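# Observations on the model geometry
The lines below spell out each chain.
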Amino acid sequence: MPNYTVTVATGSQWFAGTDDYIYLTLVGSESCSERTLLDKPLYNDFERGAVDSYDISVGEDLGEIELVKIEKKKYWVHDDWYCKYITVKTPYGDYIEFPCFRWLVDDKEVILRDGRARLPQHDKTGVAKQHRRKELEQRQKTYRWKEWHPGFPMSIDAKAHSELPREIQFDSEKGVDFVLNYSKAIENLYINQFMHMFQSSWGDFEDFERIFMRIKNTISEYVMEHWKEDFMFGYQFLNGCNPVVIRKCTEIPDKFPVTQKILEASLERGLTLEEELKEGNIFIADYELLDGVTPNATDPCTIQYLAAPICLLYKNSQNKIMPIAIQLGQSPGEDNPIFLPTDDEHDWLLAKIWVRSSDFHVHQTVTHLLRTHLISEVFGIAMFRQLPAVHPVFKLLLPHIRFTIAINTKAREQLICECGLFDKANGTGGGGHVELVQKSMKNFTYRSLCFPEAIKARGMDSQEELPYYFYRDDGCRVWEAVTSFVTDVVNIYYDNDKTVQEDVEIQAFVKDVCSFGMYEVGIKFPKTLRTKEQLVEYLTIVIFTASAQHAGVNFGQLFLGMYPDEHFIEKPVKDAMVKFCKNLSEVTKVIKNRNEGKKLPYYYLSPDRIPNSVAV
């Protein structure tokens with residue numbers, strides 16, 4: 001009788017093991033094995049981190065093994081089980097890998113294809129085609145679009161994290177990390193002790209300093225020492241947490257009536273304002289987006305305000321970006337003066353603080369929330385709905401949307417919801433943050449997610465003109481590394497442009513993003529992909545946005561290029577991953593060498609600090 005050896009690996013997460021009944025069926029091209037009970041309760045199989053093997057005898061040759069069916073049945077109480085993978089050794093000595101990497105909950109069955117990635121047009125057997133179709137039909141019932149607020153990108157149809165499909169919820173370790181990191185932040189910032197400061201006016205600058213007195217590292221201490229100085233204020237526009245607002249100014253806008261006479265004291269080269277503009281030495285940060293946004297009024301005892309400032313910046317002879325004029329509103333007039341570095345020290349400092357406050361609101365709500373978290377969730381939902389686990393693009397993208405839907409659901413539950421943290425500690429709380437997203441969506445384009453294009457569109461692409469724009473330099477290096485990796489993977493599975501056009505699943509994925517996920521701005525996102533080059537760019541955008549771009553405006557903990565779950569089994573893809581890691585390592589070395597001896601090193605886009613996905 002033919003004998004098959006089945007090896008089953010259980011995850012190492014907390015509570016990954018199970019005491020439930022586990023059944024397995026092998027589905028071959030010629031026949032199926034009988035439903036086999038692998039584990040009885042209390043037999044100590046399928047424990048956390050375990051790898052268990054079983055022999056299955058069959059009455060006849062099953063042919064080529066196409067599917068493995070796993071069933072979990074309740075023993076006493078439902079006991080979730082995380083299956084990493086299953087390996088089948090055939091009677092002929094061949095080993096077939098079946099990646100799983102998912103939770104089995106309740107009385108659930110999972111049907112697995114072997115680990116070789118395939119495009120839909122390359123599946124030939126009826127069994128394979130039917131499995132592919134049924135998987136997507138089930139996913140589309142599970143992963144449903146829902147509008148959280150009008151004018152927002154669509155999100156997952158779940159009111160709470162507990163309502164999400166188990167396989168995209170935080171696992172136990174991530175959940176504990178979330179709690180511990182939050183507790184550590186509370187401890188470090190003395191938030192409990194100083195929470196009242198966020199809800200009332202501060203008395204003096206020492207209040208600000210006391211908030212951060214427990215953060216002790218070289219960079220934070222340097223920033224605390226120099227935060228009032230103009231060079232530090234300007235540096236933040238290039239390499240701070242929101243380095244995407246500043247742009248080259250080629251013409252002074254009418255709404256900001258600065259003149260040669262007003263700015264004369266700040267222009268160092270002896271050139272006129274017009275000449276400085278032509279030389280490319282003038283830059284601008286315009287927070288028009290905040291104009292008309294409703295300030296937080298959730299606490300009737302605290303009046304809060306928002307500004308929509310315009311800040312003019314100047315590249316001086318030392319190539320430092322310095323602020324030279326600030327107007328706190330969008331409409332010029334006697335009640336909206338232009339502040340200058342030559343003004344009273346505290347007037348000028350207060351004007352800069354208002355700009356930094358506005359930058360914070362745009363950063364948190366637009367740069368961070370909308371343009372990394374929410375857009376990555378759209379890509380993730382569309383991926384689950386339109387790409388089966390056997391599709392190479394599903395395998396490629398899955399690590400980069402890990403926990404993204406979960407963290408966003410938590411945010412809607414606790415942070416940006418009514419009476420959430422935004423309402424308690426943010427000037428745009430109480431609805432202003434919603435207005436900001438809605439206004440930003442009107443100008444949100446697919447092209448703006450293409451990193452090199454976004455840099456060029458702001459006139460910030462010249463390294464010669466701006467030698468210290470490290471966000472640009474490091475971001476372009478990482479973008480090129482990701483593009484190279486994606487190109488290698490795409491070339492393995494797509495022979496030519498026609499292969500892309502005939503891939504009905506990738507076309508459905510792109511259309512789902514455009515027509516449903518980003519329906520508010522759908523015309524600005526592609527509905528189809530016609531060439532391999534377009535596919536490479538699209539996938540690069542998804543990966544870069546979820547990893548590097550998020551790291552550049554936040555911080556990381558699960559690093560780019562690390563793929564602990566082996567969804568790909570083919571050697572060419574594994575070789576591409578090794579090459580990708582090597583390229584990222586080279587970028588890390590360049591950045592490390594560049595940072596040597598700097599009082600303000602920039603490492604947010606160093607690959608060894610970039611998370612794989614938006615997960616925090």
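Conventions we followed
Residues numbered from 1 in each chain as written. Predicted model: local features only at pLDDT ≥ 70, side-chain atom pairs only at ≥ 80, totals over all residues. Heavy atoms only, no water. Helix = DSSP H or I, 4+ residues; strand = E, 2+ residues; numbered from the N terminus. Rg over C-alpha atoms; globule rule 2.2 N^0.38 Å. Buried < 20%, exposed > 50% of the residue type's maximum accessible area, 1.4 Å probe, protein only. Contact = heavy atoms within 4.5 Å. Lys, Arg positive; Asp, Glu negative; His and termini not counted. Charge placed at Lys NZ, Arg CZ, Asp CG, Glu CD. Phe/Tyr/Trp six-rings, centres within 6.5 Å; stacked < 30°, edge-to-face > 60°. Polar contact = N/O pair within 3.5 Å; in protein donor to acceptor, adjacent residues only side chain to side chain. UniProt positions renumbered as here; feature names shortened; annotations may be inferred. Pairing = 2+ DSSP bridges. Axes fitted to C-alpha atoms, helices over the stretch in contact; angles between N-to-C directions. 1 Å grid on protein atoms, 1.4 Å probe; cavity = no way out; pocket = protein on both sides within 12 Å on 5 of 7 lines; lining within 4 Å. Points joined across faces, edges and corners; volume = space filled by probe spheres on them. Nonpolar A, V, L, I, M, F, W, Y, C, P; charged D, E, K, R; others polar.

### Regarding the overall build of the protein chain
When helices and strands are counted, the protein chain shows 19 helices and 15 strands. A compact globule built from 616 residues should have a C-alpha radius of gyration of about 25 Å, and the protein chain, at 27 Å, falls within 12% of that. Expressed along its principal axes, the backbone C-alpha trace of the protein chain runs to roughly 95 × 55 × 45 Å. Within the protein chain, the proportion of its 616 residues that are buried is 52%. Looking at the protein chain alone, contacts between residues at least 24 apart form 73% of all its contacts between residues at least 6 apart. Charge-centre separation for the protein chain: the mean point of 71 positive side chains lies 3 Å from the mean point of 89 negative side chains.

### Re helix α11 (residues 404–414)
Given 3.6 residues per turn, any residue in an α-helix points the same way as the ones three and four places further on. Counting buried residues in α11 gives eight out of eleven residues, a clear majority hidden from the surface. Among the residues making up α11, those that are buried are T404, I405, A406, I407, N408, T409, A411 and R412.

### Describing the environment of Q386
Checked against the element boundaries, Q386 lands in helix α9 (residues 345–386). It is 5.9 Å that separates the C-alpha atoms of Q386 and E505, two residues lying 119 residues apart in sequence. Setting aside anything within four residues of it in sequence, one finds Q386 in contact with L136, Q140, E505, A508, F509 and D512.

### Observations concerning unusual backbone geometry
Even without being glycine, F403 reaches a positive phi, approximately 70°. In this structure, C419 is a non-glycine residue whose phi angle is positive, near 70°. Within the secondary structure, C419 sits in the loop between α11 and α12 (421–425).

### So, the packing of aromatic side chains
Tallying each qualifying case throughout the model produces 21 aromatic pairs. A ring pair is formed by Y468 and F470, whose centres lie 6.3 Å apart and whose planes are at 75°; its orientation type is edge-to-face. Looking at F470, the relative accessible area reads 6%, which means it is buried. Here a set of aromatic residues connected by ring pairs shows up, and it is made of F379, F444, Y446, F509, F525 and Y538.

### Here's the deal with the environment of T36
Positionally, T36 belongs in strand β3 (residues 36–39). Sequence separation between T36 and I56 is 20 residues; the distance between their C-alpha atoms is 7.7 Å. Leaving out residues up to four positions away in the same chain, T36 has contacts with I22, Y23, L24 and I56. Of note is the side chain of T36, whose polar atom sits 3.0 Å from the backbone oxygen of E34.

### A look at the UniProt feature "binding site: Ca(2+) 1" (unreviewed entry) in the protein chain
Within this numbering scheme, the UniProt entry marks G17, D79 and D80 as carrying the feature "binding site: Ca(2+) 1" (unreviewed entry). The greatest C-alpha distance among the annotated residues, which extend across 64 residues, is 8.1 Å, indicating that they converge on a single site. The residue D79 is located in the loop between β5 (65–73) and β6 (81–89) in this model. Dropping the residues within four chain positions of it, D79 is found in contact with G17, T18, D19, D20 and K72. With respect to the helices and strands, D80 occurs in the loop between β5 and β6. If we skip the residues at most four places from it in the chain, D80 touches F15, A16, G17, T18, K72, W103, L104, V105, D106 and R166.

### A look at the sheet that holds strand β4 (residues 51–57)
Taken in spatial order, the four strands of this open sheet run β4-β1-β6-β7, and their pairing is antiparallel. Each of the sheet's edge strands pairs with one partner strand only, and the pair in question is β4 and β7 (95–104). For this sheet, the mean inter-axis angle between neighbouring strands, taken without regard to orientation, is 20°.

### A closer look at the layout of surface pockets
Quantified by volume, the second largest pocket comes out at close to 930 Å³. Lining the second largest pocket are 30 residues, with V244, V245, R247, R371 and R458 positioned closest to its centre. Top contributing element to the lining of the second largest pocket by residue count: α9, with five residues. Its residues assigned to classes, the lining of the second largest pocket shows 17 nonpolar, seven polar and six charged.

### Comments concerning empty space enclosed by the protein
Tallied over the full model, the rule gives three cavities of 30 Å³ or more. Put simply, the largest cavity is a space of about 640 Å³. If you go around the largest cavity, you meet 39 residues; those closest to its centre are C100, F101, L398, D565 and H567. Mapped by element, the contributors of at least two residues to the lining of the largest cavity are β7, β8 (109–113), α1 (126–142), α10 (392–397) and α11. Its residues placed into classes, the lining of the largest cavity shows 22 nonpolar, seven polar and ten charged. Approximately 50 Å³ is the volume found for the second largest cavity. If you trace the second largest cavity, you find it lined by W148, F152, P153, M154, S155, L374, E377, R412 and I416. Looking at the lining of the second largest cavity residue by residue, the classes come out as six nonpolar, one polar and two charged.

### So, the sheet that holds strand β12 (residues 282–286)
The sheet built from five strands is open, its strands ordered β11-β12-β13-β14-β15 with antiparallel pairing. Strand pairing shows two members of the sheet lacking a second neighbour, β11 (247–248) and β15 (338–339), which therefore form its edges. Where β11 meets β12, two bridges bridge the pair, whose relative direction is antiparallel. Counterpart to R247 in the pairing with β12 is I284. Across the sheet, helix α6 (residues 230–239) lies against β12, β13 (310–315) and β14 (321–327), angled at about 95° from β14, the strand it touches most. The sheet contacts of α9 involve β13, β14 and β15, and relative to β14 the element is tilted by about 90°.

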